[in-house]
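Geometric and topological summary
Listed here are the chains, written in short residue letters.
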Amino acid sequence: MNKKKALILGITGQDGSYLAELLLGKGYEVHGLIRRSATGNTKNIDHLFEKITLHRGDLADATSLYRTITSVRPQEIYNEADQDHAGWSYDLPDYASDITGSAPGRVLEIIRAVDPTIRFFQPLTSNMFGLTDTKTQNEETPLNPQSPYACAKTYAWSLTKYYRNVHKLFASTAIFFNHESPRRTNSYVTRKITQSAVRISLGLQKELRLGDLSAELDFGFAGEYMEAAWNILQLDHPDDFVIGTGEAVSVQKFLEETFAQLGLKVDDHVVIDQKFFRPGKTSTLIADYSKAKKAFGYEPKVKYKELIKLMIDADMEEEKNI
């Protein structure tokens, strides 16, 4: 029996690397697209090099996408590659629009031309809901994005539904709420907090500068969300699903829990800096994942305190190995 093939776009990132591990564990033949700027940043998949096949390409380059998809002929494609940082998108709106918004359409058009039986997964973001008056958000909640990144993801969702409804492709999405892990870079507030707290506890850093601590977010573990992505592509019919924990935690609470786990006091080390405040603020967003629970039994296991411990342990190990 031939192995099932999967192609992961963005395999070097947090989500792509967890997904690669998951698929290898399920017996897949795993292929990944790697772009020029990522070739020096492969630490998330270095331990997988002997088990996966990498292909050079870029979401901005349709020729490389076509070449990779036609040569691999995967049964499943997971698009985990984009400009996924809302803060950066304020400064790079054109890039965010192209790579995050338009690129999924390039991939889907190639699938339509090469092999319409390929199943496609497109991750989305809770940031699409933006400013909302609903306590929780599900697949039917109106969208009101407040950043170029969120606007681009909204376009990606529209494109995916267009190819599903009009061209009958198996194209599914997940609206992921914030999902973190030790593989986050420190340009994200969660990793910035855990990494800085560990360095402070070891005497390697004195202070941590942050922006708005009042923001409340639904934090989950990236590894679990990639399992949800796989489950979504195994269903009989393509669809859209909200994935989150259903629990909001403020950045202040995340910060305090992190420092508490290391025996530190927030007031002794944290400085609020206006330069880290974003121009577009969103409402408190909390996932209503009832549809995913009913469809494939999704239930979050790792909540924010366990997530913080995972990240602290990894940061501590990393500092010891420097």
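Residues numbered from 1 in each chain as written. Predicted model: local features only at pLDDT ≥ 70, side-chain atom pairs only at ≥ 80, totals over all residues. Heavy atoms only, no water.

**Comments concerning the sheet that holds strand β11 (residues 240-243)**
Here seven strands make up an open sheet; going across it, the order is β3-β2-β1-β4-β5-β6-β11 and the pairing parallel. Here the strands that pair on one side only, and so sit at the sheet edges, are β3 (52-56) and β11. Direction aside, the axes of adjacent strands within the sheet are offset by 20° on average. Examined bridge by bridge, strand β1 (residues 5-9) and strand β2 (residues 29-34) share five bridges and lie parallel to one another. Within the sheet, the bridge partner assigned to Leu9 lies in β2 and is Leu33. Sitting on the sheet, helix α1 (residues 14-25) touches β1, β2, β3 and β4 (76-79), and the angle it makes with β1 is about 170°. Packed onto the sheet, helix α7 (residues 222-233) meets β4, β5 (119-125), β6 (170-176) and β11 and runs at close to 155° relative to β6. (Pairing = 2+ DSSP bridges. Helix = DSSP H or I, 4+ residues; strand = E, 2+ residues; numbered from the N terminus. Axes fitted to C-alpha atoms, helices over the stretch in contact; angles between N-to-C directions. Contact = heavy atoms within 4.5 Å.)

**Some remarks on the packing of aromatic side chains**
Across all of its chains, the model carries nine aromatic pairs by this definition. When the ring of Phe129 is compared with that of Phe177, the centres are 6.2 Å apart and the planes differ by 35°; the resulting orientation is tilted. Of this pair, Phe129 sits in the loop between β5 and α5 (148-165) while Phe177 sits in the loop between β6 and β7 (179-180); the two residues are 48 residues apart in sequence, bridging distant segments of the chain. The exposure classification of Phe129 matches that of Phe177, with both residues buried. Among the aromatic residues, ring-to-ring pairing joins Tyr78, Phe121, Phe176 and Tyr225 into one connected group. Positioned over the ring face of Tyr18 is Arg183, at 4.0 Å from the centre of the ring. In this structure, Lys291 is placed above the aromatic ring of Phe241, and the distance from its NZ or CZ to the ring centre is 5.1 Å. (Phe/Tyr/Trp six-rings, centres within 6.5 Å; stacked < 30°, edge-to-face > 60°. Buried < 20%, exposed > 50% of the residue type's maximum accessible area, 1.4 Å probe, protein only. Lys NZ or Arg CZ within 6 Å of the ring centre and 35° of its normal.)

Geometric values such as these leave the question of function open.
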